[in-house]
Amino acid sequence: MNIVENRTDNELVIAYQNGEQEVFKTLLNRHQQKVYSYVLSLVKDRTLADDIFQDTFIKVINTLKSGAYHDEGKFIQWVMRIAHNLVIDSVRKNQKFRMVYATEDYNMFDTMRNTELSKEDSMIQSQIHENVRFLIKQLPKEQRRVLIMRHYADMSFKEIAEKTGVSINTALGRMRYALMNMRKLAEEYSMSLSMN
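Residues numbered from 1 in each chain as written. Predicted model: local features only at pLDDT ≥ 70, side-chain atom pairs only at ≥ 80, totals over all residues. Heavy atoms only, no water.

Quick look at the overall build of the chain now. Across its full length, the chain carries nine helices and zero strands. If you list the helices and strands of the chain from N to C, you get α-α-α-α-α-α-α-α-α. Sorting the 196 residues of the chain into buried and exposed places 42% on the buried side. In the chain, 62% of the contacts between residues at least 6 apart in sequence involve partners at least 24 apart. Entry remark: accessible area of the chain is about 11,900 Å², with carbon and sulfur atoms responsible for 48%. (Helix = DSSP H or I, 4+ residues; strand = E, 2+ residues; numbered from the N terminus. Buried < 20%, exposed > 50% of the residue type's maximum accessible area, 1.4 Å probe, protein only. Contact = heavy atoms within 4.5 Å. Areas by Shrake-Rupley, 256 points an atom, 1.4 Å probe, with all protein chains shown as cover.)

Quick look at the structure:
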């Protein structure tokens, strides 16, 4: 007979999805200290950590019950990722994020260059980087190429024009359209691109 505590996470997940409700307690007992400690180390507030911990496992239960979880032998990494995302959501909510877009006075890429950050700001910045990378991937190829050359390779518009075989005005236009498209996409996806 297979004792519940000796089963792997994967076996317990399958058993839970097959209706053995009581096995979830073993999964929870096995991982709760690690998940809770991780959340608390990030938010530094026991009440908030309790809420996020609870929300994490509610999300885990709902995902398992819906059959949307596909195990690749990495149950705890998946749970930690859920917890991490909930921490980021919480930090954003508490800092009352507002949407800020690239303008003459503000450039979303300036945020990416800030180096001295608190742990919370560092997490938010990491999410901003992820959002920006996602938006860049959505751009038409020519716009994406100019934007990457300008902001990541730090090339001048003259160098970009020479490298891509277009006029400086065309390179400038592509950059302008790239930023406009990113602003529009950020709005559509309700993405925040600001630390404020």
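Moving on, there is more to tell.
For helix α8 (residues 157-164), the full list of buried residues reads Phe157, Ile160, Ala161 and Thr164. The arc that holds every buried residue of α8, seen down its axis, measures 100°, which confines them to one face. For α8, exposure combined with an orientation more than 90 degrees from the buried face picks out Lys158, Glu162 and Lys163. Next to the buried residues of α8 lie α7 (141-151) and α9 (168-188). Positive backbone phi, at 70°, marks glycine 165, one or two positions downstream of α8. (Arc of directions from axis to C-beta.)

With that settled, the discussion passes to the confidence of the model for the chain. Low pLDDT means the predicted coordinates in that region are not meant to be read closely. Here the chain shows a mean pLDDT of 81. Residues at 70 or above account for 80%. Note that residues 96-105 has pLDDT below 50 and, in this model, 23 contacts with residues that lie over four places away or in other chains. (pLDDT = per-residue confidence, 0-100.)

Moving on, we come to the environment of glutamine 127. Along the chain, glutamine 127 falls in helix α6 (residues 119-138). A residue is classified by how much of its surface remains accessible, and glutamine 127, at 15% relative accessible area, is buried. Spatially, the C-alpha atoms of glutamine 127 and methionine 191 are 9.7 Å apart, while their sequence positions differ by 64 residues. Every residue in contact with glutamine 127, bar those within four places of it in the chain, is listed here: Ile88 and Arg92.

Following both chains from N to C, one finds α7 and α8 inclined at 135°, their axes separated by 10 Å at the closest point. Here α8 runs oblique to α7, going by the angle between their axes. Of the two possible hands of crossing, α7 and α8 adopt the one that is right-handed. Residues Arg145, Val146, Met149 and Arg150 of α7 touch α8, and the partners they reach there are Phe157, Ile160, Lys163 and Thr164. Among the residues forming the contact of α7 with α8, the class breakdown is four nonpolar, one polar and three charged. (Axes fitted to C-alpha atoms, helices over the stretch in contact; angles between N-to-C directions. Parallel < 35°, antiparallel > 145°, perpendicular 65-115°, else oblique. Left-handed = near helix turned anticlockwise from the far one by under 90°. Nonpolar A, V, L, I, M, F, W, Y, C, P; charged D, E, K, R; others polar.)

Attention now moves to unusual backbone geometry. For lysine 44, which is not glycine, the phi dihedral falls at a positive 55°. As for its position among the elements, lysine 44 is in the loop between α2 (24-43) and α3 (46-66). Exposure remark for lysine 44: the relative accessible area of 60% places this residue in the exposed category. The phi torsion at aspartate 154 lies on the positive side, around 55°, for a residue other than glycine. When you line up the elements, aspartate 154 lands in the loop between α7 and α8.

Bringing the packing of aromatic side chains into the picture now. Tallied over the full model, the rule gives seven aromatic pairs. Judged by centre distance (5.0 Å) and plane angle (55°), the ring pair of phenylalanine 53 and phenylalanine 57 falls under tilted. In this pair, phenylalanine 53 and phenylalanine 57 are both assigned in helix α3, four residues apart and thus about one turn of the helix distant. Relative accessible area serves as the criterion here: at 16%, phenylalanine 53 is assigned to the buried category. Ring geometry for phenylalanine 75 against tryptophan 78: centres 5.9 Å apart, planes inclined by 50°, an arrangement best described as tilted. In this pair, phenylalanine 75 and tryptophan 78 both sit in helix α4 (residues 75-94), three residues apart, roughly one turn of the helix. When its relative accessible area of 2% is taken as the criterion, phenylalanine 75 is described as buried. Residue tryptophan 78 is classed as buried on the basis of its relative accessible area of 13%. One aromatic cluster in this structure is built from Tyr16, Phe24, Tyr36, Phe53 and Phe57. (Phe/Tyr/Trp six-rings, centres within 6.5 Å; stacked < 30°, edge-to-face > 60°.)

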